[in-house]
Amino acid sequence: MKIKCVHVGLGSFSLQRLKINQENENFETVAYVDIDKKKSIENLKKKNIEIKNNLFSSISEAKKNIDFEVCFIHVSAEVHHELIIESISNGLHTFCVKP
């Protein structure tokens, strides 16, 4: 059984990490979070990743709509602390690339 996760951040660096998660047989990415939805959709389409009403503006919004256990945060360092707190506050196992 795969562990359901959310992927936060959909920039070029983050998409490299997303690919690694998708290739891992232990994880299933069920939701995406980014503040720039338009650019995120463009980036995901370039990687042939289909969006099925699972792109959200916040971790909390995603958690209200989709069930998952793990949050992978791949965004700019200046917003790490806010997103880590939001993720942990939602009871998620949290991975962040760097503090």
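Report follows, based on the coordinates. Note that this is a predicted model, so its numbers are computed, not measured.

The rules behind the values
- Residues numbered from 1 in each chain as written.
- Predicted model: local features only at pLDDT ≥ 70, side-chain atom pairs only at ≥ 80, totals over all residues.
- Heavy atoms only, no water.
- Helix = DSSP H or I, 4+ residues; strand = E, 2+ residues; numbered from the N terminus.
- Rg over C-alpha atoms; globule rule 2.2 N^0.38 Å.
- Buried < 20%, exposed > 50% of the residue type's maximum accessible area, 1.4 Å probe, protein only.
- Contact = heavy atoms within 4.5 Å.
- Areas by Shrake-Rupley, 256 points an atom, 1.4 Å probe, with all protein chains shown as cover.
- Lys, Arg positive; Asp, Glu negative; His and termini not counted.
- Charge placed at Lys NZ, Arg CZ, Asp CG, Glu CD.
- Core = buried A, V, L, I, M, F, W, Y, C linked by side-chain atoms within 4.5 Å.

Quick word on the overall build of the protein chain
Moving on, step 1. When its secondary structure is counted, the protein chain shows four helices and five strands.
Moving on, step 2. The N-to-C order of helical and strand elements in the protein chain reads β-α-β-α-β-α-β-α-β.
Moving on, step 3. Computed over C-alpha atoms, the radius of gyration of the protein chain comes to 12 Å, within 12% of the 13 Å expected from 2.2 N^0.38 for 99 residues, which places it in the range of a compact globule.
Moving on, step 4. Expressed along its principal axes, the backbone C-alpha trace of the protein chain runs to roughly 35 × 30 × 25 Å.
Moving on, step 5. Relative to its 99 residues, the protein chain shows a buried fraction of 40%.
Moving on, step 6. Of all intrachain contacts in the protein chain linking residues separated by at least 6 positions in sequence, the fraction that spans at least 24 positions is 55%.
Moving on, step 7. Taken as a whole, the protein chain presents about 6200 Å² of accessible surface, with 50% of it coming from carbon and sulfur.
Moving on, step 8. Between the centroid of the 14 positive side chains of the protein chain and the centroid of its 13 negative side chains there is a distance of 5 Å.

Thoughts on the nonpolar core
Moving on, step 1. In terms of nonpolar packing, the biggest core is built from 16 residues, with Val-6, Val-8, Ala-31, Ala-62, Phe-68, Cys-71 and Ile-73 touching the most fellow members.
Moving on, step 2. Taken together, the elements giving at least two residues each to this core come down to strand 1 (3–8), strand 2 (27–33), helix 3 (59–65) and strand 4 (70–73).
Moving on, step 3. Looking at this core, the element that brings in the most residues is strand 2, giving three residues.
Moving on, step 4. Not counting chain neighbours up to four residues away, the residues in contact with Val-8 comprise Ser-14, Val-33, Ile-59, Cys-71, Phe-72, Ile-73, His-74, Val-75 and Leu-83.
Moving on, step 5. Grouped together as the second largest cluster of nonpolar side chains are seven residues, Leu-15, Leu-18, Tyr-32 and Ile-49 included.

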